[in-house]
Amino acid sequence: MELLIDDRQNKVIIEEDVKDAVRDVILECLKLEGLSSNYEISVSFVDNEEIRKLNREYRGKDSPTDVLSFPMEDEEIDEGYIPVLGDIVISAEKALQQSIEFGHSFKREVAYLTAHSMFHLMGYDHETEEDKLVMRQKEKEVMKRLRIFKTENN
């Protein structure tokens, strides 16, 4: 897997253990779906202002959100070529706010947002209640497999 992590904000320090959790979650999501790890995925940490602009531009919503997913329709074309699965953009500010609100660690919040976004990259959505249940179950399974629990406070 080629994982590109870009920290484009200066509001929240992104520690190595958070980056490690992002990598672990991505690999576990691919594994759960029976996919190889032979993908390129980018994860960008931004501030609320940048994610608000992206949310307005791509979703028509002029407010900050916690995470945005940008799936790619990239197919393997040559041997040795690594297909691009897509881009994940996480508001570090929003993730920190939510971790405090929900009473768990920043790392746990980023891990959950990464899982949520990965399933979007793999074609899942939550437009209907049924789709939402399927997606939530997959997110919970990844967190369970990685032993990242809601009560984690590190």
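Here goes a summary of the coordinates provided. Bear in mind that the values here come from a model prediction, so they are computed numbers and not experimental data.

The rules we used
Residues numbered from 1 in each chain as written. Predicted model: local features only at pLDDT ≥ 70, side-chain atom pairs only at ≥ 80, totals over all residues. Heavy atoms only, no water. Helix = DSSP H or I, 4+ residues; strand = E, 2+ residues; numbered from the N terminus. Buried < 20%, exposed > 50% of the residue type's maximum accessible area, 1.4 Å probe, protein only. Contact = heavy atoms within 4.5 Å. Axes fitted to C-alpha atoms, helices over the stretch in contact; angles between N-to-C directions. Parallel < 35°, antiparallel > 145°, perpendicular 65-115°, else oblique. Left-handed = near helix turned anticlockwise from the far one by under 90°. Nonpolar A, V, L, I, M, F, W, Y, C, P; charged D, E, K, R; others polar. Expected span 1.5 Å × (residues − 1). Phe/Tyr/Trp six-rings, centres within 6.5 Å; stacked < 30°, edge-to-face > 60°. 1 Å grid on protein atoms, 1.4 Å probe; cavity = no way out; pocket = protein on both sides within 12 Å on 5 of 7 lines; lining within 4 Å. Points joined across faces, edges and corners; volume = space filled by probe spheres on them.

Observations regarding the side chain of Ser-117
Here is step 1 of the chain: Position of Ser-117 among the secondary structure elements: in helix H4 (residues 106-121).
Here is step 2 of the chain: With a relative accessible area of 0%, Ser-117 lands in the buried category.
Here is step 3 of the chain: Apart from residues lying up to four places away in sequence, Ser-117 is in contact with Val-67, Leu-68, Ser-69 and Ile-88.

Things to note about the packing of helix H1 (residues 16-32) against helix H5 (residues 129-145)
Here is step 1 of the chain: Interaxial distance between H1 and H5 falls to 10 Å at its minimum, and their mutual angle equals 120 degrees. When the axis of H1 is compared with that of H5, the two are oblique. Pair H1 / H5 crosses with right-handed handedness. In this structure, H1 contributes Val-25, Glu-28, Cys-29 and Leu-32 to the contact, and H5 contributes Lys-138, Glu-141, Val-142 and Arg-145.
Here is step 2 of the chain: Residues that form the contact of H1 with H5 fall into these classes: four nonpolar, no polar and four charged.

Details of unusual backbone geometry
Here is step 1 of the chain: Not every positive phi belongs to a glycine, and Arg-147 is a case in point at roughly 60 degrees.
Here is step 2 of the chain: Tracing the backbone through its elements, the reader meets Arg-147 in the segment after H5.

A word on H1
Here is step 1 of the chain: The end-to-end C-alpha distance of H1 is 24 Å, a good match for the 24 Å that 17 residues give at a rise of 1.5 Å each.
Here is step 2 of the chain: Taken residue by residue, H1 has Val-18, Ala-21, Val-22, Val-25, Ile-26, Glu-28, Cys-29 and Leu-30 as its buried positions.
Here is step 3 of the chain: Close packing links the buried residues of H1 with strand S1 (2-7), strand S2 (40-46), strand S4 (84-91), H4 and H5.
Here is step 4 of the chain: Phi turns positive, to about 75 degrees, at Gly-34, one or two residues after H1.

Some points on the packing of aromatic side chains
Here is step 1 of the chain: Taken as a whole, this structure holds two aromatic pairs when the rule is applied.
Here is step 2 of the chain: Relative to Phe-70, the ring of Tyr-58 has its centre 5.0 Å away and its plane inclined at 75 degrees; by these criteria the two rings are edge-to-face. Highlighted residues: Tyr-58 in helix H2 (residues 48-59) and Phe-70 in strand S3 (residues 67-71), separated in sequence by 12 residues.
Here is step 3 of the chain: Plain terms: the ring middles of Phe-119 and Tyr-124 are 5.8 Å apart, the flat faces sit at 85 degrees to each other, and that makes the pair edge-to-face.
Here is step 4 of the chain: Given a relative accessible area of 0%, Phe-119 falls into the buried group.

Topic: the layout of surface pockets
Here is step 1 of the chain: The space that makes up the largest pocket amounts to roughly 600 Å³.
Here is step 2 of the chain: If you list the elements that add at least two residues to the lining of the largest pocket, you get H2, S3, helix H3 (92-102) and H4.
Here is step 3 of the chain: Among the elements that make up the lining of the largest pocket, the one with the highest residue count is H4 (six residues).
Here is step 4 of the chain: Split into classes, the residues belonging to the lining of the largest pocket amount to eight nonpolar, six polar and nine charged.
Here is step 5 of the chain: In this structure, the second largest pocket encloses a volume near 170 Å³.
Here is step 6 of the chain: Arg-108, Glu-139, Lys-140, Met-143 and Ile-148 are, among the 10 residues lining the second largest pocket, the residues nearest its centre.
Here is step 7 of the chain: Among the secondary structure elements, those contributing two or more residues to the lining of the second largest pocket are H4 and H5.
Here is step 8 of the chain: Among the elements that line the lining of the second largest pocket, the one with the most residues is H5, at five residues.
Here is step 9 of the chain: Of the residues belonging to the lining of the second largest pocket, the class tally is four nonpolar, no polar and six charged.

The analysis is restricted to geometry; functional conclusions fall outside its scope.
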